[in-house]
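# Report on the structure
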Amino acid sequence: FMTGIYNSITSQDPASDVNRYFTYNTYGFYAQDDMRASSRLTLNMGLRYEVETTPSELNNKGYAIRDLTRASNPPQQPTQGPVIQTPQRHNFSPRVGFALDPQGNGKTAIRGGFGVYYDVGNIGAPLLQQVYTAPPVSTTSFQSNPGGQVLPLGPNGFIYNAGTGSKSLHTTDYLAGQPYLVQWNMTVEHQFPGSTGLAVSYVGTRGIHLWTAQEGNPTITTANVNGALYWSTQVPTCGNIGTVVNGQTMFCRFNPNWASAIVHMTNGDSNYNALQVAVTKRLSHGLQYQASYTWSHSIDDTEGAMYSSDCSSASGMAWGAGPWSTRYDRGPSCFDIRQNLRFNLLYHLPNVKSSGFASKFLNGWWMGNIISIQSGYAF
């Protein structure tokens, strides 16, 4: 690499400007009421509404390819203006909960809840990714070198040979949706003798329209063999940039104006289900402790707003492998932990029944410990 001999290289062009000054506002309104339906039943009802204004760039350096692969012929070029479409205006989040004392003696409680949670305003990572390659202000080039030639190095970096390179993209989907979670839970708790309580819970979460990174300008399949997609370089020339590199016919892409395009979009999906058991002993006879165990399973399709940083320790988890369908990427989350056990204890040592000088050193002692045990990550 130091001598300029390489297989392929992708880098930002020297004249690129990555400085941006985005501004936007978020507004949230919330109302909640707790109603005591009876001496045994309490209801919690709430509604939240949140809205986000369209991000704007203060120096008019906002550009977006608003329809990378869906545009009619010819494919669309960068458009000056907002980098993400106007956010959705129907972010109504209902919250419902209840607490029931079935026996009326205060020893058993059944609680449950349901809520919708919108991730409003948390777009710093997508905006950061968008500025890497936002033509014409910032551009990235890709060039292959199968012949092992020396690539010239100029005062501003590598010099791309005209006709042998192609423009790549690293941007955010202009038509990105609104990420949100749907969460529900149910808990049964009972008080046992000896100041001990046991709680058993089920918790479920569904993530929809989550941020993920995918190939935004995939190559066009040339055949379908026994239900499997097939690609071949022996296809007619696409007739635009990026089709012939060093005399070799390359795959035709949906938008022939661009080569590979890493696009951050809201195609991610997730499911989380957990069984939680907690045993708590309140302080009595100098002893208190708490033990909690969780069995859970988290499944997604490479969701993450910060590109590969969210799962940097999991090889191959940077972006989705199947741009045609996210089902190819569905599997355990990189942060999936099936079993998780926590235990903590405090014990107050008995005091010496004395008010003498020795009691100042012998009384007031306690000991404590924390134990954490968990299974390994999926990757």
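This report concerns the structure included in the present document.

Conventions used here
Residues numbered from 1 in each chain as written. Predicted model: local features only at pLDDT ≥ 70, side-chain atom pairs only at ≥ 80, totals over all residues. Heavy atoms only, no water. Helix = DSSP H or I, 4+ residues; strand = E, 2+ residues; numbered from the N terminus. Buried < 20%, exposed > 50% of the residue type's maximum accessible area, 1.4 Å probe, protein only. Pairing = 2+ DSSP bridges. Polar contact = N/O pair within 3.5 Å; in protein donor to acceptor, adjacent residues only side chain to side chain. Core = buried A, V, L, I, M, F, W, Y, C linked by side-chain atoms within 4.5 Å. Contact = heavy atoms within 4.5 Å. Phe/Tyr/Trp six-rings, centres within 6.5 Å; stacked < 30°, edge-to-face > 60°.

## Quick word on unusual backbone geometry
- Omega for the bond connecting Pro 135 with Pro 136 falls within 30 degrees of zero, at 5°, which places this linkage in the cis form.
- With respect to the element layout, Pro 136 can be found in the loop between helix 1 (124-130) and strand 10 (140-144).
- The backbone of Ser 195 sits at a positive phi, close to 60°, despite the residue not being glycine.
- You can see Ser 195 is positioned in the loop between strand 14 (180-192) and strand 15 (196-215).
- Of note, the phi angle at Thr 302 is positive, near 55°, even though the residue is not glycine.
- Relative to the assigned elements, Thr 302 resides in the loop between strand 21 (287-300) and strand 22 (331-332).
- Residue Thr 302 is classed as buried on the basis of its relative accessible area, which comes to 10%.

## Some details on the pairing of strand 8 (residues 92-100)
- Here strand 4 (residues 41-52) runs beside strand 8; their pairing, made up of nine bridges, is antiparallel. When the sheet's bridge partners are listed, Gly 46 is paired in strand 8 with Arg 95.
- Here six bridges tie strand 8 to strand 9 (residues 108-118), and the two strands are oriented antiparallel to one another. Residue pairing for strand 9: Arg 95 is matched across the bridge by Gly 115.

## Looking at the side chain of His 170
- Structurally, His 170 can be placed in strand 13 (residues 165-172).
- Engagement of the side chain of His 170 in a polar contact is seen with the side chain of Gln 129, the distance being 3.0 Å.

## What about the nonpolar core?
- Ranked by size, the top nonpolar core spans seven residues in total: Ile 65, Leu 68, Leu 169, Trp 258, Ala 261, Val 263 and Met 265.
- The biggest single contributor to this core is strand 20 (residues 261-284), with three residues.
- In this view, Met 265 contacts Asp 173, Leu 210, Trp 211, Thr 212, Gln 214 and Gly 216; residues no more than four positions away in its chain are not counted.
- Among the nonpolar cores identified, the runner-up in size contains six residues, and Val 83, Ile 123, Ala 176 and Trp 211 belong to it.

## What to know about the packing of aromatic side chains
- For the structure on display, the rule yields three aromatic pairs.
- Taking the centre distance of 4.6 Å and the plane angle of 35° together, the rings of Tyr 49 and Phe 92 count as tilted. Residue Tyr 49 is found in strand 4, and its partner Phe 92 is found in strand 8; the two are separated by 43 residues along the sequence.
- Residue Phe 92 is classed as partly exposed on the basis of its relative accessible area, which comes to 46%.

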